[in-house]
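Here are the chains, one letter per residue:
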Amino acid sequence: MISIDEARRVIAAGEARANEIGVPVNIAVLDAGAHLKAFGRMDGAVLGSIDLAMGKARTAVLFQTTSEAVWEYCKPGAPAHALELSNGGLTPFAGGISLFAGDGTVIGAVGVSGGAVAQDLEIAQAAAAAVA
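Under an unreviewed UniProt entry, the name given to the protein chain is Heme-binding protein, and the organism recorded is Rhizobium mulingense.

Laid out in structure tokens, this is it:
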């Protein structure tokens, strides 16, 4: 499982990148069981993005991938169309990244929301790099 110190580093790295590009975001870090470990809401971050950040992280950790990768399975015409309706609802677009230990074990996930989808992804990638 991700430690609180690691979760705080993930949030700090995400906030640093968000500050660099001038986008206030919400950053959620979940443990491997999809439970909230740490959360950061930057000043000015959109309130509606709180749930999206948590949803992106949850989607990533449940499927041990990125949140946007799940879309390939649930989009119209895909093998598991409407998969996003499972597990209490998924958030299958960019900004959620699974976090892995050195041995490849999933230890949690980070989810970012508040900017454009590409900005959320960029910030999430910077945040996830704090565990690598």
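(A) Focus on the overall build of the protein chain. Within the protein chain one finds four helices and four strands. In terms of overall dimensions, the protein chain is globule-like: its C-alpha atoms have a radius of gyration of 14 Å, near the 14 Å expected for 132 residues. C-alpha extents for the protein chain along the principal axes are approximately 40 × 35 × 20 Å. Relative to its full complement of 132 residues, the protein chain shows a buried share of 41%. Nonlocal contacts in the protein chain, meaning residues at least 24 apart in sequence, comprise 62% of its contacts between residues at least 6 apart. Here the protein chain has roughly 6200 Å² of accessible surface; of this, 55% comes from carbon and sulfur atoms. Put simply, the protein chain has 8 plus and 13 minus side-chain charges, and the middle of one group is 3 Å from the middle of the other.

(B) Quick peek at the nonpolar core. If you look at the biggest cluster of nonpolar residues, it comprises 21 residues, and the most contacted ones within it are Ile2, Val10, Val25, Val29, Leu99, Val110 and Val112. Taken together, the elements giving at least two residues each to this core come down to helix H1 (4-21), strand S1 (26-31), strand S3 (96-100), strand S4 (106-113) and helix H4 (117-128). Not counting chain neighbours up to four residues away, the residues in contact with Val110 comprise Val10, Ile27, Ala28, Val29, Ala57, Gly95, Gly96, Ile97, Leu99, Ala124, Ala127 and Ala128. Core analysis: the next-biggest nonpolar cluster, separate from the first, contains seven residues, Ala34, Ala57, Ala60 and Ala109 among them.

(C) Summary view of the sheet that holds S1. Read from one edge of the open sheet, four strands run S2-S1-S4-S3, paired in antiparallel fashion. Across the chains shown, the open sheet's two edge strands, defined by having one partner strand only, are strand S2 (36-41) and S3. Each strand of the sheet is rotated relative to its neighbour by a mean of 15 degrees, with strand direction disregarded. Relative to S4, S1 is paired through six bridges, and the arrangement is antiparallel. Following the sheet pairing, Asp31 is matched in S4 by Gly108. Relative to S4, helix H2 (residues 49-63) is tilted by about 150 degrees, and along the sheet it contacts S1, S2, S3 and S4.

(D) Molecular detail of the pairing of S2. Note: S1 against S2, five bridges, orientation antiparallel. Residue pairing in the sheet places Val29 in a bridge with Ala38 of S2. The antiparallel hairpin formed by S1 and S2 contains four residues in its connecting segment, where Ala34 sits at a positive phi of about 70 degrees.

(E) Structural view of the pattern of salt bridges. Scanning the entire structure with this criterion turns up four salt bridges. With a closest N to O distance of 2.9 Å, Asp120 and Lys56 form a salt bridge. Of the two residues, Asp120 is situated in helix H4 and Lys56 in helix H2; the sequence distance between them amounts to 64 residues. Each of the two residues, Asp120 as well as Lys56, counts as buried. Between Lys75 and Glu72 there is a salt bridge whose closest N-O contact spans 2.8 Å. A relative accessible area of 44% places Glu72 in the partly exposed class. Connected through shared salt-bridge partners, Arg17, Glu20 and Glu122 make up one network.

Parameters and conventions
- Residues numbered from 1 in each chain as written.
- Predicted model: local features only at pLDDT ≥ 70, side-chain atom pairs only at ≥ 80, totals over all residues.
- Heavy atoms only, no water.
- Helix = DSSP H or I, 4+ residues; strand = E, 2+ residues; numbered from the N terminus.
- Rg over C-alpha atoms; globule rule 2.2 N^0.38 Å.
- Buried < 20%, exposed > 50% of the residue type's maximum accessible area, 1.4 Å probe, protein only.
- Contact = heavy atoms within 4.5 Å.
- Areas by Shrake-Rupley, 256 points an atom, 1.4 Å probe, with all protein chains shown as cover.
- Lys, Arg positive; Asp, Glu negative; His and termini not counted.
- Charge placed at Lys NZ, Arg CZ, Asp CG, Glu CD.
- Core = buried A, V, L, I, M, F, W, Y, C linked by side-chain atoms within 4.5 Å.
- Pairing = 2+ DSSP bridges.
- Axes fitted to C-alpha atoms, helices over the stretch in contact; angles between N-to-C directions.
- Salt bridge = Lys/Arg side-chain N within 4 Å of Asp/Glu carboxyl O.

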